[in-house]
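Residues per chain are reported as follows:
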Amino acid sequence: MLDSRISRRAALMGAGAVVAWSASPARALLQAAGGGRVPAFVDDLIRRLTVEEKAGQLSLMASAWGGSSAASLNPPGNSDFPKQVEEARRGQLTGVFNGNGARMHRTLQTAAVRESRMKIPLIFGADIIHGHRTIFPVPLAEVASFEPELARRTAEAAAYEASGTGLDWNFAPMVDVARDQRWGRGVEGGGEDVLLNRLFAAARVRGFQGSNLKSDAHMLATAKHFAAYGAAEAGLDYNTVDISERTLREVYLPPFKAAFDAGALSTMASFNEISGVPSTGNPWLMNQLLRGEWGFDGFVVSDYTGDEEMIAHGFAKDARDATRLAFLAGVDMSMQSGFYRTHLPSLVQSGEVPQDRLDQSVRRVLAMKAMLGLFDDPFRRISERREESRSMNRRTLALSREAGRKSIVMLKNDGDLLPLPRSGKRIALIGPFAAGQHDLIGPWCVYGDDKKAVDLATGVREAVADRNSIVVAEGSGIVEALPGGIEQAVAAARTADIVVLAIGESQNMSGEAQSRTEIIVPEPQQQLAEAVAAVGKPTVVVLKNGRALALEGAVANAPAILVTWFLGTETGHSIADVLFGAYSPSARLPVSFPRESGQQPYYYAHKPTGRPNPEGKLEEYKARFRGLTNTALYPFGHGLTYGRIGYSDLALSARGMPMNGEISVSARVTNSGRRAAEEVVQFYVRDRTASVTRPVRELKAFRKVALAPGASQTVRFVLRPADLQFIGLQNRPTVEPGTFDVWIAPSAEADGLHATFELTA
Ligand code: NOJ
């Protein structure tokens, strides 16, 4: 897993990035679209545009065609569609986003290419975060699969459906590392770990974009939100970020670099400030680092009214000032505020914005439209026929089911309660998520529909021999008690042999602007769990969640716990596959489940402190809380299977590694159980002493291995000095000799197998 590809990439972070770029898929995409140069007609076109038309090419607006959830996913905008069509005719728009399908796209595109002066095609964007109409597991869930190729496949399937309706451009993937589980948007990303975020960012970009951006089955990808949006203080969405350049470079930027290396040609400036400077107005971030240091060749779009929001940040005086600051900082396109089309012309006239800079951004946007094939055929993706024929077809639904079951993490399975028998037992399905087509698809679905998704009760009834052996009781609302609910649930539990308790978060408890102060199962559901546990039947907790939760009481003590996130259209089928053993759970936590909410931000790759608390004890004057060790209840990487997995025979190829050498570390993994299993074998490293302190463990590689009952396999990881690189004192990549710990382990906090080696100068 830690193959030369990854390690070379890591080595190229920072100063060597331009070298990586020249060999990157992004360069290849540009070459496929005309030799990596902007087509000559683009410059010709730019010469003929008025300043107002140029500002129009840099102005993106939300679709004004009302009537879908699109409108409810952002603060309300213009809902006057005829006015928007008129804007397209006047060349005041570069495109719209979160629109409503082929017919609407056709209407607007027709106005732009037949009735506007310059006939420049519009670009249509959307948030296709985890599926278009077929909804796949939320991104965080899918990362739990530890299978980037799965994410590439679901991204490609999502692009296939979405592009059939005329969508050219996706505002995904979100590649923000999220280390505070209170933050609601962690659900959209790759969790707490840098390596996983990098791998999934790259995979998703490849899926959305394919190898040719002109393909009518692919879309332009956007790595967002640039940068450090996930580092918001207190996990409060949109809040201040104040981190060191080292942390920025080491934790928050690598997933973006991976996305750009994989070919992402657009990025979105984040809402937050970093150390006093809003990203939308940060020339160091966009001009110097992104374009200068990294050689990024795509374009930057603001987030929704991100330029306008610099006034509220206290960074811009007024709308004109905000426009100037955002544009000169490197934001090519403004989303939703309309500031660019209103203020850029006069800023150019006064000389505050050089004409050349304006032309440069227009060139980037027009070049992208050319790469997407829009100048060849502006209607290439707009097809009422493909909108239907590509929608929710059998193969895509099967992929959703596969992705769903591969995303389910089994936290606990005392006494091998799972898998459940398909016959001979009465099962009580209890809880607000037991039945009903709600809270299935997850947050951030512009085009998905819960009513088209399979709920848990349906999935379970289809899986068992006798549908009548299933009894359902809601028991509680999501955040409010249900009159008589607990009594009804307790009665159902009494009549059953097994209880499946489906509890957790609603889908609007995570996602944008949905930060929580306490990451717990809501109180009425906790009370339901306590009452049902008192009945004493074997109970499987099926959690619905968009983040890591702090599990308490009867929920934490249940003999079996499955983390099922929001799995999308095939939710009920995917969960039933795991519950009844058609599939042996293979996912692992991409975020640590803490013991209590107050530990946030909690992540496994934390620093050691000067007073580490000894394992398994609570010592005075050590880094721990009153009455609580600062460890996870279920750490990153944890997850069980229906097999019985053991680790043995750790072997290092040498005890030392020279700076130009490598070392291989291997272990034997055995399934001594009676069922087949897939194990995610994880390889962690710690740098004992360095010129800047290093995390207690860092995931360097992993491999998912299939093990039949009784089978074993030797898993080998090759480590090179570049893999031990960190951002040193001068904020540059550094490798230092010294002692390193290595672990091959089933989670970030499991002992696993451990050894040390020396990196020698
Ligand atoms: C705001 C969100 O932060 C961003 O991720 C999204 O793409 C835009 N709204 C557009 O919907």
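Residues numbered from 1 in each chain as written. Predicted model: local features only at pLDDT ≥ 70, side-chain atom pairs only at ≥ 80, totals over all residues. Heavy atoms only, no water.

Draft legend 1. Structural view of the overall build of the protein chain. Of regular secondary structure, the protein chain possesses 24 helices and 28 strands. Radius of gyration (C-alpha) of the protein chain: 26 Å, near the 27 Å computed for a compact globule of 761 residues. In terms of overall dimensions, the protein chain has a C-alpha envelope of 75 × 65 × 45 Å along the principal axes. In the protein chain, buried positions account for 63% of the 761 residues. Accessible surface for the protein chain amounts to roughly 26,500 Å². Of this, 49% is attributable to carbon and sulfur atoms. For the protein chain, the centre of its 85 positive side-chain charges and the centre of its 83 negative side-chain charges are spaced 5 Å apart. (Helix = DSSP H or I, 4+ residues; strand = E, 2+ residues; numbered from the N terminus. Rg over C-alpha atoms; globule rule 2.2 N^0.38 Å. Buried < 20%, exposed > 50% of the residue type's maximum accessible area, 1.4 Å probe, protein only. Areas by Shrake-Rupley, 256 points an atom, 1.4 Å probe, with all protein chains shown as cover. Lys, Arg positive; Asp, Glu negative; His and termini not counted. Charge placed at Lys NZ, Arg CZ, Asp CG, Glu CD.)

Draft legend 2. Highlighting the site of the ligand. Around the ligand, a shell composed of 15 residues is seen, among which Asn74, Asp127, Arg185, His225 and Asp303 lie nearest. At 2.5 Å from an oxygen atom of the ligand is found a side-chain nitrogen or oxygen belonging to Asp303. Taken by itself the ligand offers 290 Å² of open surface, and the protein chains cover 100% of this. The residue makeup of the shell around the ligand, split by class, is 7 nonpolar, 3 polar and 5 charged. (Near = heavy atom within 4 Å. Polar contact = N/O pair within 3.5 Å; in protein donor to acceptor, adjacent residues only side chain to side chain. Nonpolar A, V, L, I, M, F, W, Y, C, P; charged D, E, K, R; others polar.)

Draft legend 3. Layout of the packing of aromatic side chains. Applying the stated criterion to the full structure yields 22 aromatic pairs. Look at Phe260 and Phe296: their rings are 4.6 Å apart centre to centre, the planes differ by 45°, and that puts the pair in the tilted class. Of this pair, Phe260 sits in helix H12 (residues 254-261) while Phe296 sits in the loop between helix H13 (283-293) and strand E9 (299-301); the two residues are 36 residues apart in sequence, bridging distant segments of the chain. Per residue, the accessibility class of Phe260 equals that of Phe296, and both read buried. Each residue in the set Phe97, Trp169, Phe171, Phe299 and Tyr304 is aromatic and connected to the rest through ring pairs, giving one cluster. Cation over ring: Arg179 sits above Tyr603, and NZ or CZ is 4.3 Å from the ring centre. When the ring centre of Tyr684 is taken as reference, the NZ or CZ atom of Arg697 above it lies at 5.5 Å. (Phe/Tyr/Trp six-rings, centres within 6.5 Å; stacked < 30°, edge-to-face > 60°. Lys NZ or Arg CZ within 6 Å of the ring centre and 35° of its normal.)

Draft legend 4. Representation of the packing of helix H20 (residues 456-463) against helix H24 (residues 571-579) within the structure. Running from N to C, H20 and H24 cross one another at 50°; their axes reach a closest spacing of 7 Å. Looking at the two axes, H20 sits oblique to H24. Crossing angle aside, the handedness with which H20 passes H24 is right-handed. From H20, Leu456, Gly459, Val460, Glu462 and Ala463 reach across to H24, where they touch Gly572, His573, Ile575, Ala576 and Leu579. (Axes fitted to C-alpha atoms, helices over the stretch in contact; angles between N-to-C directions. Parallel < 35°, antiparallel > 145°, perpendicular 65-115°, else oblique. Left-handed = near helix turned anticlockwise from the far one by under 90°. Contact = heavy atoms within 4.5 Å.)

Draft legend 5. Looking closely at the UniProt feature "domain: Fibronectin type III-like" (unreviewed entry) in the protein chain. Residues annotated in UniProt with the feature "domain: Fibronectin type III-like" (unreviewed entry) correspond here to residues 679-748. Taken end to end, residues 679-748 is 0% helix and 56% strand, and its two terminal C-alpha atoms sit 14 Å from one another. (UniProt positions renumbered as here; feature names shortened; annotations may be inferred.)

Draft legend 6. Geometry of the nonpolar core. Core analysis: the largest hydrophobic core is formed by 119 residues, its most contacted members being Leu108, Trp169, Phe226 and Leu344. Counting the residues that make up this core, at least three belong to each of domain 1 (4-388) and domain 2 (393-594). Judged by nonpolar contacts, the second largest core, of 72 residues, contains Ala554, Ala558, Leu562 and Phe593. (Core = buried A, V, L, I, M, F, W, Y, C linked by side-chain atoms within 4.5 Å. Domains from an automatic or database assignment.)

Draft legend 7. The arrangement of the domain arrangement of the protein chain in detail. For the protein chain, the assigned domains are domain 1 (4-388), domain 2 (393-594) and domain 3 (645-760). Measuring from the centre of the C-alpha atoms in domain 1 to the corresponding centre in domain 3 gives 36 Å. Taken together, the contacts link 18 residues of domain 1 with 19 residues of domain 3. Between domain 1 and domain 3, a total of about 1,500 Å² is buried, with carbon and sulfur atoms accounting for 55% of that surface. (Buried area = accessible area lost by both parts, 1.4 Å probe.)

Draft legend 8. Summary view of helix H4 (residues 40-48). Every buried residue of H4 is accounted for by Val42, Leu45 and Ile46. With its buried residues spanning 100° around the axis, H4 presents them on a single face. Facing away from the buried surface of H4 by more than 90 degrees, the exposed residues are Ala40 and Arg47. Along its buried surface, H4 packs onto helix H5 (51-57) and helix H17 (355-371). (Arc of directions from axis to C-beta.)

Draft legend 9. Up close: unusual backbone geometry. In this structure, Pro419 follows Leu418 across a cis peptide bond, with omega equal to -5°. On the secondary structure map, Pro419 appears in the loop between strand E11 (409-413) and strand E12 (427-430). A positive phi angle, near 50°, is found at Phe146, a position not held by glycine. Among the secondary structure elements, Phe146 is positioned in the loop between helix H8 (139-143) and helix H9 (148-163). Despite not being glycine, Trp444 has its phi angle at roughly 65°, a positive value. Mapped onto the fold, Trp444 is located in the loop between E12 and H20. Classification of Trp444 by relative accessible area gives buried; the value is 7%.

Draft legend 10. A look at a negative patch on the surface. A cluster of acidic residues, Glu518, Glu523, Glu530, Glu552 and Glu596, forms a negative patch on the protein surface. Secondary-structure assignment places Glu552 in the loop between strand E15 (539-544) and helix H23 (553-557). (Patch = residues over 30% accessible without salt bridge, like charges linked within 9 Å, V, L, I, M, F, W, Y side chains within 5 Å. Salt bridge = Lys/Arg side-chain N within 4 Å of Asp/Glu carboxyl O.)

Draft legend 11. Inspection of the sheet that holds strand E6 (residues 266-269) at higher detail. The strand order across the open sheet built from 3 strands is E5-E6-E9, with neighbouring strands paired in parallel fashion. On the outer flanks of this sheet lie strand E5 (222-226) and E9, each paired with one strand and no other. Each adjacent strand pair in this sheet contributes to an overall mean axis angle of 25°, direction not counted. With 3 bridges joining them, E6 and E9 adopt parallel strand pairing. Of the residues in E9, the one forming a bridge with Thr267 is Val300. (Pairing = 2+ DSSP bridges.)

Draft legend 12. Seen up close, the sheet that holds strand E19 (residues 645-652). What the 3 strands build is an open sheet, ordered E19-E21-E24; its pairing is antiparallel. Edge positions in the sheet fall to E19 and strand E24 (712-719), since each has one partner strand and no second. Between one strand axis and the next, the sheet turns through 20° on average, direction left out of account. Bridge count for strand E21 (residues 663-671) against E24 is 8 bridges, and the pairing is antiparallel. Its bridge partner lying in E24, Ser666 is registered against Arg716.

Draft legend 13. How the structure looks around the pattern of salt bridges. Under the defined criterion, the tally for this structure stands at 44 salt bridges. Between Arg152 and Glu156 there is a salt bridge whose closest N-O contact spans 2.9 Å. Of the two residues, Arg152 and Glu156 both sit in helix H9, 4 residues apart, roughly one turn of that helix. Glu156 gets classed as partly exposed once you look at its relative accessible area, which sits at 28%. For the salt bridge of Asp180 with Arg182, the shortest nitrogen-to-oxygen distance reads 2.7 Å. For the pair Asp180 and Arg182, a shared accessibility class is recorded, and that class is buried. Residues joined by salt bridges that share partners form a network here, namely Glu147, Arg153, Glu402, Lys406 and Lys704.

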